[in-house]
Amino acid sequence: MSKLNILLITSDQQHWRTLGQHNPEIETPALDKLAAQGRTFSRAYCPNPTCTPTRSSMITGKYPSQHGAYALGTKLPESETTIGDCLRAAGYHSALVGKAHFQPLYATAEYASLEAYPTLQDLDYWADFTGPFYGFDHVELARNHTDEAHVGQHYALWMQEKGLSNWRDYFLKPTGHVEAQRRKWLLPEQFHYNAWIAERSNALLAQHHAAGQPFFLWASFFDPHPKYLAPEPWDTMYNPEEITVPGATPGEHDANPPHLQLTQQRDPDFSAWQEPNGSGCHGFHSHLHDRAELARDIACYYGMVSCMDHYIGNMLEQLDTLGMAENTLVVFTSDHGHYFGQHGLIAKGAFHYDDGLRVPLLARLPGRIPAGSRSQSLQSLVDFAPTFLDFCGLEAPADMTGISQRKNWQGDESGARRHVIIENRHQPTTLHLKTYVDARYKITLYFNRDYGEIFDLQADPGEQTNLWRDAQLRAELTERFLHAEMQKEEPLAAGARALPHKSPAMYLKSCNWRGWQLHFEPAQERYQLFNLVADPQKRKNLWDAPDCRQRRAELMRALLFSRWGLEPLAMPRIAGA
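To keep things clear, this report deals only with the structure shown in the data block. Quick caveat, the model's predicted, so the values are computed rather than measured.

**Let's talk about the overall build of the chain**
Part 1: A tally of regular secondary structure across the chain gives 15 helices and 20 strands.
Part 2: Taken against the 2.2 N^0.38 rule, which gives 25 Å for 577 residues, the C-alpha radius of gyration of the chain at 24 Å falls within 12% of a compact globule.
Part 3: With the principal axes as the frame, the chain shows a C-alpha extent of 80 × 55 × 50 Å.
Part 4: Counting the 577 residues in the chain, one finds 61% classified as buried.
Part 5: Counting only contacts in the chain whose residues sit at least 6 apart along the sequence, the fraction spanning at least 24 positions is 71%.
Part 6: Accessible surface for the chain amounts to roughly 21,500 Å². Of this, 48% is attributable to carbon and sulfur atoms.
Part 7: If you average the places of the 54 positive and of the 67 negative side-chain charges in the chain, the two averages end up 6 Å apart.

**Remarks on the nonpolar core**
Part 1: Counting residues in hydrophobic clusters, the biggest one holds 109 residues, and the most contacted among them are Phe102, Tyr155, Phe388 and Trp409.
Part 2: Take this core: its biggest share by element is 16 residues, from helix α9 (residues 291-321).
Part 3: In contact with Tyr155, not counting residues within four places along its chain, are Leu141, Ala142, Asn144, Phe171, Leu187, Phe191, His192, Tyr193 and Trp196.
Part 4: Leu477, Phe481, Phe520 and Trp564 belong to the second largest nonpolar core, which has 32 residues in total.

**A short note on helix α6 (residues 153-161)**
Part 1: Counted residue by residue, α6 has seven buried out of nine residues, so it is predominantly covered.
Part 2: For α6, every residue scored as buried is listed here: Gln153, His154, Tyr155, Ala156, Leu157, Trp158 and Met159.
Part 3: Considering only its buried residues, α6 is in contact with α5 (123-128), β4 (138-142) and α7 (193-211).
Part 4: Directly beyond the C-terminal end of α6, a positive phi value near 100° is found at Gly163.

**Some details on the sheet that holds strand β14 (residues 419-425)**
Part 1: The sheet built from four strands is open, its strands ordered β14-β15-β16-β17 with antiparallel pairing. Two strands lie at the open edges of the sheet, namely β14 and β17 (452-456), each paired on one side alone. Looking at each pair of strands side by side, their axes are set apart by 10° on average, direction ignored.
Part 2: With five bridges joining them, strand β16 (residues 441-446) and β17 adopt antiparallel strand pairing. Bridged to Tyr441 within β17 is Asp456.

**Quick notes on helix α15 (residues 549-565)**
Part 1: Spanning 17 residues, α15 covers 24 Å between terminal C-alpha atoms, matching the ideal 24 Å at 1.5 Å per step.
Part 2: Along α15, the residues classified as buried are Arg552, Ala553, Leu555, Met556, Ala558, Leu559, Leu560, Phe561, Arg563 and Trp564.

**Section: the pattern of salt bridges**
Part 1: Under the counting rule described, the total for this entry stands at 41 salt bridges.
Part 2: Across the pair Lys184 and Asp235 runs a salt bridge, and its minimum N-O distance is 2.6 Å. On the criterion of sequence distance, the pair formed by Lys184 in strand β5 (residues 183-185) and Asp235 in the loop between β7 (229-231) and α8 (258-262) is long-range, its members being 51 residues apart.
Part 3: A residue is classified by how much of its surface remains accessible, and Lys184, at 30% relative accessible area, is partly exposed.
Part 4: With a shortest N-O distance of 2.7 Å, Arg417 and Asp383 are connected by a salt bridge. Of this pair, Arg417 sits in the loop between α12 (406-409) and β14 while Asp383 sits in the loop between β13 (379-380) and α11 (384-391), and the two are 34 residues apart along the sequence. Each member of the pair, Arg417 as well as Asp383, is classed as buried.
Part 5: Counted as one network, the salt bridges with shared partners bring together Lys62, Glu80, Asp399, Glu490 and Lys502.

**Thoughts on the side chain of Gln427**
Part 1: Relative to the helices and strands, Gln427 resides in the loop between β14 and β15 (432-438).
Part 2: Beyond its immediate chain neighbours, meaning those up to four positions away, Gln427 contacts Trp273, Gln274, Glu275, Gly278, Ser279, Cys281 and Arg573.

**Some thoughts on the packing of α7 against α9**
Part 1: Two elements in contact, α7 and α9, have axes whose closest approach is 9 Å; the angle formed by their N-to-C orientations is 10°. The orientation of α7 with respect to α9, classified from their angle, is roughly parallel. When α7 is examined against α9, the residues Asn194, Ala195, Ala198, Ser201, Asn202, Leu205 and Ala206 are found in contact with a partner set consisting of Cys307, Met308, Tyr311, Asn314, Met315, Gln318 and Leu319.
Part 2: Residues belonging to the contact of α7 with α9 are distributed by class as follows: nine nonpolar, five polar and no charged.

**Topic: the sheet that holds strand β19 (residues 516-521)**
Within a sheet, adjacent strands bond to each other through the backbone by hydrogen bonds, running parallel or antiparallel.
Part 1: The strand order across the open sheet formed by three strands is β18-β19-β20, and the pairing between neighbours is antiparallel. Only two strands of the sheet have a single partner each, and these edge strands are β18 (510-513) and β20 (526-531). With strand direction ignored, the average angle separating the axes of adjacent strands in the sheet is 10°.
Part 2: Relative to β19, β18 is paired through four bridges, and the arrangement is antiparallel. Residue Ser510 lies in a different strand from β19, and its bridge partner there is His519.

**Points about the pairing of strand β6 (residues 215-220)**
Part 1: Across the six residues of β6, six count as buried, placing the element largely inside the fold.
Part 2: Neither face of β6 is open: one carries Phe215, Leu217 and Ala219, the other Phe216, Trp218 and Ser220, and all of them are buried.
Part 3: Here strand β3 (residues 93-99) pairs with β6 via six bridges, running parallel. By the bridge assignment for β6, Val97 is matched with Ala219.

**Focus on the side chain of His67**
Part 1: Within the secondary structure layout, His67 lies in helix α3 (residues 64-67).
Part 2: Accessibility expressed as a relative area gives 0% for His67, which makes it buried.
Part 3: Here the side chain of His67 touches Ser57 through a polar contact of 3.1 Å, side chain to side chain.
Part 4: With residues up to four places along the chain from it excluded, the contact list for His67 reads Pro53, Ser56, Ser57, Thr60, Lys62, Leu76, Pro77, Glu80 and His501.

**A closer look at the packing of helix α1 (residues 29-37) against α9**
Part 1: With their axes 7 Å apart at the nearest point, α1 and α9 run at an angle of 50° to one another. Taken as axis vectors, α1 and α9 run oblique relative to one another. Seen from α1, the contacting residues are Pro29, Ala30, Leu31 and Leu34; seen from α9, they are Asp309, Ile312, Gly313 and Leu316.
Part 2: Residue composition of the contact of α1 with α9, grouped by class: six nonpolar, one polar and one charged.

What counts and how
Residues numbered from 1 in each chain as written. Predicted model: local features only at pLDDT ≥ 70, side-chain atom pairs only at ≥ 80, totals over all residues. Heavy atoms only, no water. Helix = DSSP H or I, 4+ residues; strand = E, 2+ residues; numbered from the N terminus. Rg over C-alpha atoms; globule rule 2.2 N^0.38 Å. Buried < 20%, exposed > 50% of the residue type's maximum accessible area, 1.4 Å probe, protein only. Contact = heavy atoms within 4.5 Å. Areas by Shrake-Rupley, 256 points an atom, 1.4 Å probe, with all protein chains shown as cover. Lys, Arg positive; Asp, Glu negative; His and termini not counted. Charge placed at Lys NZ, Arg CZ, Asp CG, Glu CD. Core = buried A, V, L, I, M, F, W, Y, C linked by side-chain atoms within 4.5 Å. Pairing = 2+ DSSP bridges. Axes fitted to C-alpha atoms, helices over the stretch in contact; angles between N-to-C directions. Expected span 1.5 Å × (residues − 1). Salt bridge = Lys/Arg side-chain N within 4 Å of Asp/Glu carboxyl O. Parallel < 35°, antiparallel > 145°, perpendicular 65-115°, else oblique. Nonpolar A, V, L, I, M, F, W, Y, C, P; charged D, E, K, R; others polar. Polar contact = N/O pair within 3.5 Å; in protein donor to acceptor, adjacent residues only side chain to side chain.

Structure, rendered in structure tokens:
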């Protein structure tokens with residue numbers, strides 16, 4: 001094989017600090033070895049803190065507002081070009097084993113989904129279907145986290161082939177026969193989906209080696225996404241009494257947006273965030289918990305990570321055995337983060353602390369990525385597709401809005417990202433927030449809301465003190481945010497403009513608000529502010545006028561919100577996931 005191969009390994013909902021190199025309380029020998037042989041990025045962010053939007057961004061190189069899968073319960077439009085499409089044109093074979101989650105669990109006549117009931121559990125269908133699927137030539141899929149009733153697809157077929165004819169005895173009703181399981185999964189480890197993903201990925205690696213065809217393989221693990229459930233002996237690998245249990249600092253939410261405050265109440269009312277075209281709001285419930293129970297959950301969560309690490313090690317050993325390690329870019333990450341007590345929060349939701357936004361990121365390519373190196377540079381998973389294509393010597397499509405990080409991964413940080421953006425349109429209108437992060441600051445804005453969050457990540461890395469009331473800092477960061485939003489605009493060809501999830505209107509550069517007009521176009525170096533009441537002919541540009549700074553800040557925020565409000569919604573949320 002003269003062309004470079006790519007092996008992408010992902011976990012699901014893994015906190016960025018749950019690697020042995022960051023956390024002495026957890027053991028991840030395989031991933032620690034990968035880090036020692038490659039590069040560790042400690043400031044990697046997801047483009048959205050939920051599965052479908054981020055996973056779609058990873059294969060399209062676009063933000064959720066651009067590729068159309070804006071939230072859980074939506075689907076990635078099949079019209080989107082993916083990295084698999086690009087690699088196929090260059091002679092590559094692409095495959096995905098494990099979790100896809102590009103489509104919702106439920107479908108309608110208008111919005112079809114292969115990952116939905118009843119197709120999800122039509123095993124005759126899956127016995128004949130292995131792709132293509134979103135640019136992947138070959139797929140072997142599952143949809144369940146641990147013992148969820150969503151079990152089916154290729155994973156159920158594999159369990160049957162392995163002789164586990166009574167596999168339903170280990171999964172929840174109504175698909176299975178189990179009423180409830182907690183922390184200990186009675187499923188024998190050899191039938192766990194970690195074993196399935198590793199075995200089938202290793203088989204595909206061997207096939208690619210024998211065929212001599214370059215490949216892109218995504219091994220997509222489900223753990224440690226809750227619920228907290230691990231097979232023996234991993235469920236008792238860690239002692240809850242020796243686990244550090246994070247928690248909220250008294251008063252830390254006093255200056256925070258209302259939904260964060262409500263999470264710390266015993267019986268909160270989140271009805272204001274529900275809407276007809278939406279679905280359930282993840283995390284919008286009480287997060288009060290028993291500390292001892294949480295310690296047991298964290299211990300199990302760590303066990304899930306260590307179990308997954310073991311099978312990742314099997315895959316890395318397969319690369320060595322086949323003699324493919326030297327010519328294979330190996331990347332490990334997760335689709336988003338996780339809360340296990342940080343800020344008093346559990347699991348995930350519309351909470352944009354780094355615990356939920358940052359992800360582990362490791363990259364190895366002998367001779368090209370410096371071994372044992374570490375980087376504090378900002379990374380985003382939206383950059384994966386253009387970065388992978390660049391490593392393969394291929395040009396990314398012009399409409400991929402992520403950037404190539406190849407030089408950065410190889411040790412040259414001169415062209416590193418200066419910011420990242422995280423989008424989260426969890427509901428069509430009532431819950432729409434975005435976050436801008438740069439080397440020092442983070443600002444989170446909520447569509448058409450007067451509240452938000454600002455944190456100084458250098459002085460306050462734990463994000464305890466919300467600086468939202470600092471009007472000058474808020475204005476400065478809002479302007480940076482607007483610059484960043486304009487830098488990630490998708491060039492829309494004529495055909496793309498006709499698609500229901502595309503709109504050139506979302507990229508407007510000016511707005512009128514309360515008798516004032518703003519033009520903000522950095523690419524043309526056009527910065528204008530006019531008082532239309534006092535100066536209807538727009539003869540005097542007040543952009544730099546000291547007494548108009550507050551008005552300028554208000555107009556920039558209005559322009560940001562105008563752009564967000566014009567992002568098209570091609571479909572409602574037809575499912576919770």
